[in-house]
Amino acid sequence: MFGRHHHHHRGRWDGQGDEHHGRHPFGFHGGHPGRGRGGRMGGRFFDHGDLRFVVLKLIAEKPSHGYELIKAIETAAGGAYSPSPGVVYPTLTLLEELGYVTASDAGGGKKLYTITAEGEAFLASNDAPIRSLFERMAEAASASAAFSPQILRARENLKTALRLKLHGGQLSAEQIAAIAKALDDAASVIEAI
């Protein structure tokens, strides 16, 4: 049953993945768009079809919306890999058609996905490869500087300072120019490291 559905959706997955990133049928890539930096394994993290395992496992742990799953996968990989909506949502549709998840209307055009008994059985029958996938993501996360405690703290500090300053009241042209210069200077320093 799965193989028939898998081939039926393959063209749609490839097409949408290529449309978003042009690098990988599932939209996974090394680094982030525009950085021109390949990741491990030549920028290919998941083999074709692996994404359904990851998505289903995450739903089993916590019923989720599509956006939450995208962020959960990115977090699990330490920011080293990020799937595009154009591949996550077709995967969710496939899992729903297979009977592995159910989708309920959560309002605001959002769907909340919950695993079914059939989905639990599918996970159990693929326990070893799924564990391997999450171990690989954990390895990527541990090697990713993007999620290091120091970087996270500094990023949050900058966001808080900007939010307080920009929403704290009217700023003069000189203050705006000074803030922009501070941000530009920080970017230049980081690029030169």
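Residues numbered from 1 in each chain as written. Predicted model: local features only at pLDDT ≥ 70, side-chain atom pairs only at ≥ 80, totals over all residues. Heavy atoms only, no water.

Colleague: How do you make sense of the pairing of strand 1 (residues 101-107) when you look at a structure like this?
Modeller: Looking along a regular strand, one sees the side chains alternate between the two faces of the sheet. Judged from the 6 bridges that link them, strand 1 and strand 2 (residues 110-115) form a sheet pairing that is antiparallel. Bridging from a neighbouring strand, Asp105 pairs with Lys111 of strand 2. Here strand 1 folds back onto strand 2 in antiparallel fashion, the turn holding 2 residues, of which Gly108 has a positive phi close to 65 degrees. (Pairing = 2+ DSSP bridges. Helix = DSSP H or I, 4+ residues; strand = E, 2+ residues; numbered from the N terminus.)

Colleague: I tried to follow the nonpolar core on my own but got confused; where do I start?
Modeller: For soluble globular proteins, nonpolar side chains are generally found buried alongside one another. One finds Val54, Val55, Leu56, Ile59, Ile73 and Leu92 to be the most contacted residues of the largest nonpolar core, which totals 30 residues. Of all the secondary structure elements, the ones that give two or more residues to this core are helix 2 (50-61), helix 3 (66-76), helix 4 (85-97), strand 2, helix 5 (117-125) and helix 6 (127-142). Examining the composition of this core, we find that 7 residues originate from one element, helix 2, more than from any other. (Core = buried A, V, L, I, M, F, W, Y, C linked by side-chain atoms within 4.5 Å. Buried < 20%, exposed > 50% of the residue type's maximum accessible area, 1.4 Å probe, protein only.)

Colleague: Would you take a moment to explain a nonpolar patch on the surface for this structure?
Modeller: Together, Val189, Ile190 and Ile193 make up a nonpolar patch on the protein surface, roughly 370 Å² of accessible area in all. Looking at the secondary structure, you find Val189 in helix 8 (residues 173-192). On the basis of relative accessible area, Val189 is assigned to the exposed category, the value being 53%. (Patch = residues over 30% accessible without salt bridge, like charges linked within 9 Å, V, L, I, M, F, W, Y side chains within 5 Å. Areas by Shrake-Rupley, 256 points an atom, 1.4 Å probe, with all protein chains shown as cover. Salt bridge = Lys/Arg side-chain N within 4 Å of Asp/Glu carboxyl O.)

Colleague: Please clarify how the confidence of the model for the protein chain should be interpreted in this entry.
Modeller: Do not read the fine detail of predicted coordinates wherever pLDDT is low. Averaged over all residues, the pLDDT of the protein chain is 76; the fraction at 70 or higher stands at 73%. Long-range and interchain partners of residues 1-43, a stretch whose pLDDT sits below 50, account for 87 contacts in this model, where long-range means more than four residues apart. (pLDDT = per-residue confidence, 0-100. Contact = heavy atoms within 4.5 Å.)

Colleague: What should I look at first to understand the packing of helix 3 against helix 4 in this one?
Modeller: For any two helices packed against each other, one specifies the inter-axial angle together with the distance between the axes. At a minimum axis separation of 10 Å, helix 3 and helix 4 run at an interaxial angle of 120 degrees. With respect to helix 4, the element helix 3 is oriented oblique. Note that helix 3 runs across helix 4; the crossing there is right-handed. Contacts from Gly66, Tyr67, Leu69 and Ile70 of helix 3 reach helix 4 at Pro85, Val88, Tyr89 and Leu92. When the residues that make up the contact of helix 3 with helix 4 are grouped by side-chain class, the tally is 7 nonpolar, 1 polar and no charged. (Axes fitted to C-alpha atoms, helices over the stretch in contact; angles between N-to-C directions. Parallel < 35°, antiparallel > 145°, perpendicular 65-115°, else oblique. Left-handed = near helix turned anticlockwise from the far one by under 90°. Nonpolar A, V, L, I, M, F, W, Y, C, P; charged D, E, K, R; others polar.)

Colleague: Help me understand the packing of aromatic side chains in this model?
Modeller: All chains considered together, the criterion is met by 2 aromatic pairs. Both rings, one in Phe53 and one in Phe122, keep their centres 5.6 Å apart while their planes meet at 20 degrees; by these two values the pair is stacked. Separated by 69 residues along the polypeptide, Phe53 in helix 2 and Phe122 in helix 5 bring together distant segments of the chain. As far as burial versus exposure is concerned, Phe53 and Phe122 are alike and both buried. Consider the rings of Tyr100 and Phe122, whose centres lie 4.6 Å apart with planes at 15 degrees: the pair is stacked. Of this pair, Tyr100 sits in the loop between helix 4 and strand 1 while Phe122 sits in helix 5, and the two are 22 residues apart along the sequence. Given the relative accessible area of 13%, Tyr100 is considered buried. Through successive ring pairs, a cluster of aromatic residues spans Phe53, Tyr100 and Phe122. (Phe/Tyr/Trp six-rings, centres within 6.5 Å; stacked < 30°, edge-to-face > 60°.)

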